[in-house]
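Chain and residue survey
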Amino acid sequence: LGPRHPLAVQVQRSLGVLYLDRGQADESAAELVPALALATDLHGAGHPATLAVRRQLGLAWLQQGRLDQAERELRAQHESTANALGQDHRETAQSLDALGRLALERGDTAAALAQLRQAVAIWRQPDGHHLLDRGLADLALAQAAHGDARGARATLEDAHRLRAARLGSSPPALGEL
């Protein structure tokens, strides 16, 4: 394929996501920084592939505790995604989820709840159902941080039910819910 092939962006992004899911933010960022440069060069700054890499890089920085850098990246990425794909697109919901997680990390539970509720509402549409269980789990964390233990429990039970229906009820399929 070669190092400048468009699939190289997807390979690096996939590795970055894998590292991020494993809590290895430094390794994730090491894959995502060059992936972003290549995606921008090959596709342009507003292309969905480039925007997806930007979101993942913002999440890597969030996981590293680089909150100001994460916020700049995630806000810019969200605005571009919403403009390119629309306010109700599942990718826009992913950027809202990322912003909600950032707000939660900063202790702004009201903003986190608003952004995560908006993401969940988008994911309730047919083309977003595969992301809904994760979004509900993030919303439950924000509800708990906001002091709504009862709401958090109900939301988490909904997430658990949806994931079990989608993947099966065995413990590995349920993951960290």
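Structure's up top.
Okay, so let's go over this structure.

This part covers the overall build of the protein chain. Along the backbone of the protein chain there are nine helices and zero strands. Tracing the protein chain from N to C terminus, the helices and strands come up as α-α-α-α-α-α-α-α-α. Radius of gyration (C-alpha) of the protein chain: 16 Å, near the 16 Å computed for a compact globule of 177 residues. With respect to the principal axes defined by its C-alpha atoms, the protein chain has extents near 50 × 35 × 30 Å. In the protein chain, buried positions account for 42% of the 177 residues. Long-range pairs, those at least 24 residues apart, make up 52% of the contacts in the protein chain between residues at least 6 apart in sequence. Carbon and sulfur atoms form 52% of the exposed surface of the protein chain, whose accessible area is close to 9,000 Å². Positive and negative side-chain charges in the protein chain, numbering 19 and 21 respectively, have mean positions lying 2 Å apart.

V53, L57, L62 and L102 are the most contacted members of the largest nonpolar core, which totals 21 residues. When contributions to this core are tallied by element, the ones reaching two or more residues are helix 1 (6-21), helix 2 (25-43), helix 3 (48-64), helix 4 (67-85) and helix 5 (90-106). Setting aside residues up to four positions removed in sequence, L57 forms contacts with A29, L32, V33 and L36. In this structure, V120, I122, L132 and A159 belong to the second largest nonpolar core, which totals 16 residues.

What follows covers helix 8 (residues 149-167). For helix 8, spanning 19 residues, the distance from its first C-alpha to its last is 26 Å, which sits close to the expected 27 Å at 1.5 Å a residue. Every buried residue of helix 8 is accounted for by G151, A152, T155, D158, A159 and R163. Angular distribution of buried residues about the axis of helix 8 spans 130°; they occupy a single face of the element. Exposed residues pointing more than 90 degrees away from the buried face of helix 8 are listed as A149, R150, R153 and A165. Downstream of helix 8 by one or two residues, G168 has phi in the positive range, about 105°.

A few words on the environment of T92. Locating T92 in the fold gives a position in helix 5. C-alpha separation for the pair T92 and A164, spaced 72 residues apart in sequence, amounts to 25 Å. Ignoring sequence-local partners within four residues, the contact set of T92 consists of H78, T81, A82, L85, G86 and Q87.

Rules of the game
Residues numbered from 1 in each chain as written. Predicted model: local features only at pLDDT ≥ 70, side-chain atom pairs only at ≥ 80, totals over all residues. Heavy atoms only, no water. Helix = DSSP H or I, 4+ residues; strand = E, 2+ residues; numbered from the N terminus. Rg over C-alpha atoms; globule rule 2.2 N^0.38 Å. Buried < 20%, exposed > 50% of the residue type's maximum accessible area, 1.4 Å probe, protein only. Contact = heavy atoms within 4.5 Å. Areas by Shrake-Rupley, 256 points an atom, 1.4 Å probe, with all protein chains shown as cover. Lys, Arg positive; Asp, Glu negative; His and termini not counted. Charge placed at Lys NZ, Arg CZ, Asp CG, Glu CD. Core = buried A, V, L, I, M, F, W, Y, C linked by side-chain atoms within 4.5 Å. Expected span 1.5 Å × (residues − 1). Arc of directions from axis to C-beta.

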